[in-house]
Amino acid sequence: MGRKKLLVVMICLIVLGMLAGCASESASVQMQPESAAVEETEQVPASADDTAKEEMIEEQQVSEEIIPEEPALPPMEPAEQIRMLGIPVQLQKDGGTRFVPVKNGDAYDQNVLSLDEETWTALKEDLREQDGISYAPLDRLTELIELEQGETEAGIVYYAKRISIGEVPEGVKVPILMYHAVSDDCWGYSDLFVSPSRLEEQLAWMTENGYDAIWMEDLCHLEDYDKPVVLTFDDGYDDNYTELFPLLQKYNVKATVFVIAGSLGQPHKMTAEQVTELSQSGLVSIQSHSMTHPYLNTLTQEQLEWELGESQRIIASLTGKIPNVLCYPSGGFNQLTIDVAKQYYDYGMRMAGYLYNTSVDPFRIQRFYISRQSPLSDFQYYIKQTDQ
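What comes next is a walk through the structure.

**Regarding the pairing of strand S19 (residues 347-352)**
For step 1, the next point in the chain: Where strand S18 (residues 325-327) meets S19, three bridges bridge the pair, whose relative direction is parallel. Bridged to Leu-326 within S19 is Gly-348.
For step 2, the next point in the chain: Considered for its hand, the β-α-β crossover made up of S18, helix H9 (residues 335-341) and S19 is right-handed.
For step 3, the next point in the chain: Across two bridges, S19 lies against strand S21 (residues 365-369) in parallel orientation. What sits directly across from Ala-352, in S21, is Arg-367.

**Details of the packing of helix H5 (residues 196-208) against helix H6 (residues 239-251)**
Axes are the key here: two packed helices are described by the angle between their axes and the distance separating the axes.
For step 1, the next point in the chain: It is at 11 Å that the axes of H5 and H6 come closest, and there the two elements cross at 25°. One finds that H5 runs roughly parallel with respect to H6. Crossing hand, H5 versus H6: right-handed. In contact with Pro-196, Leu-199, Glu-200, Leu-203, Ala-204 and Thr-207 of H5, H6 contributes Glu-243, Leu-244, Leu-247, Lys-250 and Tyr-251.

**Considering the pattern of salt bridges**
For step 1, the next point in the chain: Per the counting criterion, the structure on display carries eleven salt bridges.
For step 2, the next point in the chain: Residue Asp-126 is joined to Arg-140 by a salt bridge in which the shortest nitrogen-to-oxygen separation is 3.3 Å. Of this pair, Asp-126 sits in the loop between helix H3 (117-123) and strand S5 (128-130) while Arg-140 sits in helix H4 (residues 138-144), placing them 14 residues apart in sequence.
For step 3, the next point in the chain: Looking at Asp-126, the relative accessible area reads 30%, which means it is partly exposed.

The rules behind the values
- Residues numbered from 1 in each chain as written.
- Predicted model: local features only at pLDDT ≥ 70, side-chain atom pairs only at ≥ 80, totals over all residues.
- Heavy atoms only, no water.
- Pairing = 2+ DSSP bridges.
- Helix = DSSP H or I, 4+ residues; strand = E, 2+ residues; numbered from the N terminus.
- Right-handed = clockwise from strand over helix to strand, strands pointing away.
- Axes fitted to C-alpha atoms, helices over the stretch in contact; angles between N-to-C directions.
- Parallel < 35°, antiparallel > 145°, perpendicular 65-115°, else oblique.
- Left-handed = near helix turned anticlockwise from the far one by under 90°.
- Contact = heavy atoms within 4.5 Å.
- Salt bridge = Lys/Arg side-chain N within 4 Å of Asp/Glu carboxyl O.
- Buried < 20%, exposed > 50% of the residue type's maximum accessible area, 1.4 Å probe, protein only.

Right, dumping it as C-alpha cells:
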C-alpha cells in the first residue's frame, strides 16, 4: 500500500506541473493584445499641443535659413573736389549722381561735412555707405539746407549759405567798436596793436556787466539782447587767431573779423585754414575788407565789382557763409562805392565815428576806434552810451 500511495502522489505532482505550464502560456497569450494596443496607441495622431510645437520648430527652421543678401551696389568713383559749407570735400559719383561725405554731429572736421540731427534724419534714407563713410546726394543736400553755388576766379567750386538779415528795428543804439591787431609784438604802426591783457580786461568788464557781443546778422532780433555791442577787427592779422581767438573762447564772446581776401597767407595775415576754423567755431563772423585794401573811392565800377565780388566769393568758399558786411578800407568810399556794394552786401562800415543807430543808412555805419592807448574808461564810455 505504501508504494502505491507514493506513485499516486508523484503522478499528481506531474499533472499539477503540466497544468501550471499551460496557465503560464495562457497568461502570455493574453498579454499580447495589450502590447499591440500600446503599439497602436503610439501611432495615434498627436495632440493639439504637439502640433503647435511641431509648427514652431518648422517656423524656427525656416527663420534660420540663410536669406540671400541683396547684391551690393557698385563702388562709387571719385569726382571733383569742392568746398561745402567751408569744408573741402572729395565728391564721389555713381552715374549722374554726385555724393558728399557727411557725418552726424557738429564737431569740426576738415574733410567730412558735419550735419545737425534734423538734417541727418531727413537725409538718412538717401545715404550711401562706402569704406565706412556715409555719403549724401549733393543735389538733395543743397536743396534741403538751401545752399547757393559759386566759383572763385581760381576755379574753386563752393556751396554756401546766404545770411538772412531779417527786419531790423529802427532807432536802436548799438555801439560798434573797431580794433585791428591784438599783440604786444608791435611790428607795425603801434597804435593799431591793442595789448592782449588790455583786451581781456575789456572783455571781462563787458561780460560781468551784462553786455552781449553780437554780429550784424543778429540785429534783426535785438529784443533778445539787453545790452548789445558789436566788436570788429580789421585786416585779418594772424594774431586775431593766436591772441584774439583764445580770449573769445575764454569769455564766450562773439566778434567780427574783416579780412583782406587777397592777402590770406601773407606775412602777418591769417591763412585760409585759420579763417575756416574761426568761422566754424561759432564765435567769429568773417566779413569782407575787399580783395587788396585799396581806396575804394578811387576805383572804377569794374574795379569795384572785382574788389567786392571776388572778395565775397573767396570768403564764402572758406566759411560756407556768404559775407554780407563790407568794411571800407581806410574808410574810403563814395556814392559809386555804395552803389556797387549794394550788389553784394547788406551793410557798409566806415572807420572812426560815433554811436551807431539802426535808423541810419546801412552803408554809412560808424564805429568807435579802440587804439593801443585807449584806457578801460574809454571802452566803458563807448558802450555805456546805450544806457543814456
